[in-house]
Amino acid sequence: MKSGMIPLRLMLIITDTEADKKIHRLFSEEQIPVYHQCRGQGTAKTELLDICGLSGSTRLITAAIMPRVMTDRMFRRLEETLQIWRKGRGIAVTVPLTGIQECVRKLVDKELCEKWKEIAEREESQMKSEASYSMILVTVKEGYSDAAIDAATKAGATGGSVIRGRRRGSEALVQFLGISLQEEQEILMIVAPKEKKAEIMSAVNTRCGIASEAHGIIISVPVEDIIGLEMR
């Protein structure tokens, strides 16, 4: 971390759509300067549905950037506001940010970071433990998310969430990977224990990797904190 820079985290919250107003009110009270929301469809199977209770429902996915030292407080507020610790209320995770536009960092610094700076620097120097979970992100050609989640669950994943978009990039990428950049994409997000990460990624790559018809790209990022999900 550069001197004077506060470590930032991306918080992802996946709930049912009825939580929209409560999340907006919570973020307003905590003066979170900007956050994004989109809708996704859950793919969790029976075992996970029994835990999260989000079967077959459209999910609300909320993403916000905040200082690391705010995450514990935000988790407590989510527990109070959404009772997210109860089965059926959703899941919230944080992941470290390794890069961010300067203008966005300045906005977060101005709005949130000044009062947290001393605490953040002290806490960051004491953080030595590794993340216990990973978030696996898979982008596949439209229509292949079911195959990807099937491969992931057979390798130990308990489910995931799917959002839709479009891959964009340069012509050099087209030539290098041999894929179309204009095809519709499905983006699969899977939270899994870190000891299962490699096996899940390998299974998805075997079935839906870049050389397959799914044209899948698979990455993972560490999940630092997690509530609302019991891994069996």
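Residues numbered from 1 in each chain as written. Predicted model: local features only at pLDDT ≥ 70, side-chain atom pairs only at ≥ 80, totals over all residues. Heavy atoms only, no water.

Draft legend 1. Up close: the overall build of the protein chain. A count of helices and strands for the protein chain gives eight helices and nine strands. Per-residue burial over the protein chain gives 44% buried out of 232 residues. Contacts in the protein chain between residues far apart in sequence, at least 24 positions, make up 81% of those at least 6 positions apart. When the accessible surface of the protein chain is totalled, it reaches about 12500 Å², and 49% of it is carbon and sulfur. (Helix = DSSP H or I, 4+ residues; strand = E, 2+ residues; numbered from the N terminus. Buried < 20%, exposed > 50% of the residue type's maximum accessible area, 1.4 Å probe, protein only. Contact = heavy atoms within 4.5 Å. Areas by Shrake-Rupley, 256 points an atom, 1.4 Å probe, with all protein chains shown as cover.)

Draft legend 2. Structural view of the environment of Pro67. Structurally, the position occupied by Pro67 is in strand β3 (residues 58-67). Between the C-alpha atoms of Pro67 and Leu8, which are 59 residues apart in sequence, the distance is 4.4 Å.

Draft legend 3. Structural detail: the packing of aromatic side chains. Within the structure shown, the criterion is met by one aromatic pair. On the basis of an interplanar angle of 80° and a centroid distance of 4.7 Å, the ring pair of Phe27 and Tyr35 is categorised as edge-to-face. (Phe/Tyr/Trp six-rings, centres within 6.5 Å; stacked < 30°, edge-to-face > 60°.)

Draft legend 4. Seen up close, the pairing of strand β1 (residues 8-16). Here β1 lies mainly inside the structure; seven of its nine residues are buried. Judged from the nine bridges that link them, β1 and β3 form a sheet pairing that is antiparallel. Considered in β3, the bridge of Leu12 is made with Ala63. Across six bridges, β1 lies against strand β4 (residues 91-96) in antiparallel orientation. (Pairing = 2+ DSSP bridges.)

Draft legend 5. Layout of the pattern of salt bridges. Per the stated rule, a full pass over the model turns up seven salt bridges. Residue Arg73 is joined to Glu30 by a salt bridge in which the shortest nitrogen-to-oxygen separation is 2.9 Å. You can see Arg73 sitting in helix α3 (residues 71-82) and its partner Glu30 sitting in the loop between α1 (20-29) and β2 (35-42), a full 43 residues away along the chain. Because the salt bridges share partners, they merge into one network encompassing Glu29, Glu30, Arg73, Arg77 and Glu80. (Salt bridge = Lys/Arg side-chain N within 4 Å of Asp/Glu carboxyl O.)

Draft legend 6. Representation of helix α6 (residues 145-154). With respect to burial, α6 is a largely interior element, eight of its 10 residues being buried. Taken together, the buried positions of α6 are occupied by Ser145, Ala147, Ala148, Ile149, Asp150, Ala151, Ala152 and Thr153. With its phi angle positive at about 120°, Gly156 sits one or two positions after the end of α6.

Draft legend 7. Structural view of the confidence of the model for the protein chain. The share of residues in the protein chain with pLDDT of 70 or more is 68%, and the mean pLDDT across the chain is 76. Scored below 50 in pLDDT, residues 46-53 shows 21 contacts in the model against residues more than four places distant or in partner chains. (pLDDT = per-residue confidence, 0-100.)

Draft legend 8. Representation of the packing of α1 against α3 in the model. Relative to each other, α1 and α3 sit at 140°, their axes nearing to 11 Å. As judged from the angle between their axes, α1 and α3 are oblique. Note on packing geometry: the crossing formed by α1 with α3 is right-handed. Residue-level contacts link Lys22, Ile23, Leu26, Phe27 and Glu29 of α1 to Met74, Arg77, Leu78, Thr81 and Leu82 of α3. (Axes fitted to C-alpha atoms, helices over the stretch in contact; angles between N-to-C directions. Parallel < 35°, antiparallel > 145°, perpendicular 65-115°, else oblique. Left-handed = near helix turned anticlockwise from the far one by under 90°.)

Draft legend 9. Representation of unusual backbone geometry. A positive phi angle, near 55°, is found at His215, a position not held by glycine. Turning to its location among the elements, His215 is positioned in the loop between α8 (194-208) and β8 (217-223).

Draft legend 10. Structural detail: the environment of Asp20. Note on placement: Asp20 falls in helix α1. Given a relative accessible area of 24%, Asp20 falls into the partly exposed group. Taking the C-alpha atoms as reference points, Asp20 and Ile61, separated by 41 residues in sequence, lie 9.5 Å from one another. Each residue touching Asp20, except ones within four places of it in the same chain, is listed here: Gln37, Arg39 and Leu60.

Draft legend 11. Geometry of α8. Given a rise of 1.5 Å per residue, 15 residues ought to cover 21 Å, and the 21 Å separating the end C-alpha atoms of α8 matches this to within 8%. For α8, the elements touching its buried residues are β5 (133-141), α6, β7 (184-193) and β8. (Expected span 1.5 Å × (residues − 1).)

Draft legend 12. Highlighting the environment of Ile226. Mapped onto the elements of the fold, Ile226 is located in strand β9 (residues 225-227). For the pair Ile226 and Ile91, spaced 135 residues apart in sequence, the C-alpha to C-alpha distance is 7.4 Å. Filtering out sequence-adjacent residues up to four positions away, Ile226 remains in contact with Phe75, Ile91, Ala92, Val93, Tyr133 and Val191.

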